[in-house]
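Architecture at a glance
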Amino acid sequence: MFADAAGKGRRKERGTSKYSHLLESDPAFAAWYRNALRGSHNTGSHYFLRMGRICDELCRVTPAQVGTMNKTQLMTFISSMISELEVRGVSGVTIHSYIKAIKSWARFNGLKLDDRINIPESENQYLEEVVPRPEQVQSLFDHSPLRVKVVVSLMAFSGLRPATIGDAQGLDGLKMKDLPELEIKDGKVSFGKSPRWWW
């Protein structure tokens, strides 16, 4: 049931997902995807990619086959998938994201899976992360367009998270009106009161 995914993914046309055919061939799967996107664009996109890899590359099944499994079949399927992902060296955090996608699709098909599913523990994935050095941030400024410079400045110098600046589509984020101290007069920008993050 499990396949070697190395180099066997479908070709992807620019601007489209290599798993788009799953949406085109299964109206229910497409409806689930649209419903997930309405809840959260990031989560919906992430779940779709996970389900796409499960169906096309990892297990070679269709969404409909997964969606029509009963509880015992689905638990067996998930357990086998976890074992396969472990063999491939996939981290526990990533395995958990696959399971969340399957649970979401199963729930859409009327099966709520609340049973405990044991997932291997992961090593701390942030151990090797470091704070960028000033020269690295400067290098980013030197090679980035203005929009990227503004985003980097907001994150590096004021502690804003990416989600505060805007969502995955670049919408519903920080606006000028969210900075009440900021004044624009005669083409010049000033602050009536210096923001707390200025030093």
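In what follows, the accompanying structure is described. (Residues numbered from 1 in each chain as written. Predicted model: local features only at pLDDT ≥ 70, side-chain atom pairs only at ≥ 80, totals over all residues. Heavy atoms only, no water.)

**Regarding the nonpolar core**
Core analysis: the biggest nonpolar cluster contains 33 residues, and Met51, Leu74, Phe77, Ile78, Met81 and Ile102 have the highest contact counts within it. Mapped onto this core, the elements with two or more residues apiece are helix 1 (20-25), helix 2 (27-39), helix 3 (41-58), helix 5 (71-87) and helix 6 (92-108). With seven residues, the top contributor of residues to this core is helix 6. The residues touching Met51, leaving out its near neighbours within four places in the chain, are Phe29, Trp32, Ala101, Ile102 and Trp105. (Core = buried A, V, L, I, M, F, W, Y, C linked by side-chain atoms within 4.5 Å. Buried < 20%, exposed > 50% of the residue type's maximum accessible area, 1.4 Å probe, protein only. Helix = DSSP H or I, 4+ residues; strand = E, 2+ residues; numbered from the N terminus. Contact = heavy atoms within 4.5 Å.)

**Comments concerning a nonpolar patch on the surface**
Together, Met176, Ile184 and Val189 give the surface a local cluster of nonpolar side chains, amounting to about 320 Å² of exposed area. For Val189, the position within the fold is in strand 2 (residues 188-191). Val189 gets classed as exposed once you look at its relative accessible area, which sits at 56%. (Patch = residues over 30% accessible without salt bridge, like charges linked within 9 Å, V, L, I, M, F, W, Y side chains within 5 Å. Areas by Shrake-Rupley, 256 points an atom, 1.4 Å probe, with all protein chains shown as cover. Salt bridge = Lys/Arg side-chain N within 4 Å of Asp/Glu carboxyl O.)

**Regarding the pattern of salt bridges**
Evaluation of the coordinates by the stated rule reveals five salt bridges. For Asp115, the salt bridge goes to Lys71, with nearest N and O atoms at 2.9 Å. In this pair, Asp115 sits in the loop between helix 6 and helix 7 (134-142) while Lys71 sits in helix 5, placing the two residues 44 residues apart along the sequence. Connected via shared salt-bridge partners are Lys18, Arg53 and Glu57.

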